[in-house]
Amino acid sequence: MYQKRLASGFLAALAGVATADSDVTQLTQKTFKDFMTTNKVTLVLAKFCAPWCGHCKALAQEYEEAATSLKAKNIKLVKVDCTEEAGIDNVMPYNGQRKADAIHACMNGDKVVVVASIAADNKASNETFSAVANILRDEYMFGGLNDAAVAGAEGVKFPSIVLYKSFDEGKNKFQEKFEVEAIDTFIKVSVIPLVGEVGPKTYSYYMSAGLPLAYIFAETEEERYSLAKALQPVAKKYRGKCGHCKALAPKYEQLGAMYAKSEFRDKVVIAKVDATANDVPDDVSGFPTLKIYPAGGKDSPITYSSSRNIEDLLKIYQGEWQE
């Protein structure tokens, strides 16, 4: 299990107490170490700031709100005036959003957990997943298992990844070839909420995903909630226009071209459906989804969940693929 680092430029550490007039505790160079080592609290997040800094002023209210919301969990937020104090070492950056709910989510538990199901002897896939985990370990929690029964209970086979999240559809599955870039893209696209608030800190997240964006303008929170709920199904379909579909496209075209020139051209049809423009089966929850409609059994399609390289796709029609 890859343990996520919590901390900040900002900082996370064990210990803490509260103050009388605020839920954010003011610390100095002299009190910082004792606070972190002598108090019995679950977790501490420290903000290093300057009174004249505009960014610090903008963060102040969000930080206070987060401190109040986490107080019942025995999680403390503290601050250090860096214009007065120096010499505090061993801190790591907090790279999350500077909003109360984002700070709360980070300190209270992960909104996203990425779990890989890989056979113990699959060295290549284990190393690939470890590489991605090391790159993104400051942002998400990573874990792994090598129990085929547990993987099967989640509807996946070795090697595969399930990304669990506390929003939208709840989880996404990655069942393609294990490559660092492909897994990285899968995670970064999956963690983007289908409908969310766009601001200075969240805009870059949406833009970096490479997904089409639609903007909703609402005057009240109730109107915003109603529109977001109504548009979620539409957003889910357009999420299909992601890097996974683009990555598969040339392989799928190659597969179609190969069969168009083969002796099986009248027996095998390679087809595709744009899910953003057509109704799709209820069990299609992610994109791209591949389904096999065998001769004599077109009313009982099989979902293809193996590797999506051209060699493995050919096995479907060569009789070598096993469900």
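Every chain is numbered independently, its residues counted from 1 as its sequence is written. Side-chain atom pairs in this predicted model are given and counted only at pLDDT of 80 or more, local residue features only at pLDDT of at least 70, and totals for whole chains, interfaces and linings cover all residues. Side-chain metrics in this entry use all non-hydrogen atoms of the structure; hydrogen atoms and water are not considered.

Naming follows an unreviewed UniProt entry, where the protein chain appears as Protein disulfide-isomerase of Hirsutella rhossiliensis.

Below, the discussion takes up the packing of helix α4 (residues 123–136) against helix α6 (residues 180–190). Interhelical geometry of α4 versus α6 gives an angle of 50° and a closest axis separation of 9 Å. Here α6 runs oblique to α4, going by the angle between their axes. Of the two possible hands of crossing, α4 and α6 adopt the one that is right-handed. For the pair α4 and α6, contact is made by T128, A131, V132, I135 and L136 and by V180, I183, D184, I187 and K188, respectively. Helix axes use the C-alpha atoms of the stretch in contact, all axes being lines fitted to C-alpha atoms, and the angles between their N-to-C directions lie in the range 0 to 180 degrees. The helix count covers DSSP runs of H or I at least four residues long, the strand count covers runs of E at least two residues long, and both are numbered beginning at the N terminus. Roughly parallel means an angle under 35 degrees; roughly antiparallel, over 145; roughly perpendicular, 65 to 115; everything else is oblique. By the definition used in this description, the sense in which the near helix is turned from the far one sets the handedness, with an anticlockwise turn below a right angle giving left-handed and a clockwise turn giving right-handed. Note on definitions: a residue-residue contact is assigned when non-hydrogen atoms from the two residues lie within 4.5 Å.

A rise of 1.5 Å per residue sets the reference length of α4, with its 14 residues, at 20 Å; its end C-alpha atoms lie 20 Å apart and thus fit the reference within 8%. Taken together, the buried residues of α4 touch β5 (112–117), β6 (141–145), β7 (160–165) and α6. Expected helix span is given by 1.5 Å per residue-to-residue step, counting one fewer step than there are residues.

Only residues whose relative accessible area exceeds 30% and that form no salt bridge are eligible for patches; like-charged ones are grouped when within 9 Å, while nonpolar side chains (Val, Leu, Ile, Met, Phe, Trp, Tyr) are grouped when within 5 Å. Exposure was quantified through the Shrake-Rupley algorithm and a 1.4 Å probe, taking into account, for residues, occlusion by the shown protein chains and nothing else. In the sections that follow, a salt bridge refers to a side-chain nitrogen of Lys or Arg positioned within 4 Å of a carboxyl oxygen of Asp or Glu. Together, V198, Y203, M207, L213, Y215 and F217 line one region of the surface with nonpolar side chains, adding up to about 630 Å² of accessible area. With respect to the secondary-structure elements, Y203 resides in helix α7 (residues 203–208). Judged by its relative accessible area of 38%, Y203 falls in the partly exposed class. Between buried and exposed lies partly exposed: a residue is buried under 20% and exposed over 50% of the maximum accessible area for its type, with that area taken using a 1.4 Å probe on protein chains only.

As a further point, take the packing of aromatic side chains. Stacked, edge-to-face and tilted are the three classes for Phe, Tyr and Trp ring pairs, Trp counted by its six-membered ring, which pair at centre distances within 6.5 Å; planes under 30 degrees apart are stacked, over 60 edge-to-face, the rest tilted. The tally for this structure, following the rule as stated, stands at four aromatic pairs. For the pair F32 and F48, a centre-to-centre distance of 6.0 Å together with 40° between the ring planes defines the contact as tilted. Within this pair, whereas F32 is found in helix α1 (residues 29–38), its partner F48 is found in strand β3 (residues 43–49), the two being separated by 16 residues in sequence. Taken individually, F32 and F48 each receive the classification buried, so the pair is uniform in this respect. Both rings, one in F129 and one in F142, keep their centres 5.8 Å apart while their planes meet at 65°; by these two values the pair is edge-to-face. Note that F129 is positioned in helix α4 and F142 in strand β6, a separation of 13 residues in sequence. Taken as a pair, F129 and F142 share a single burial class, namely buried. By way of ring pairs, the aromatic residues F174, F178 and F186 are connected into one cluster.

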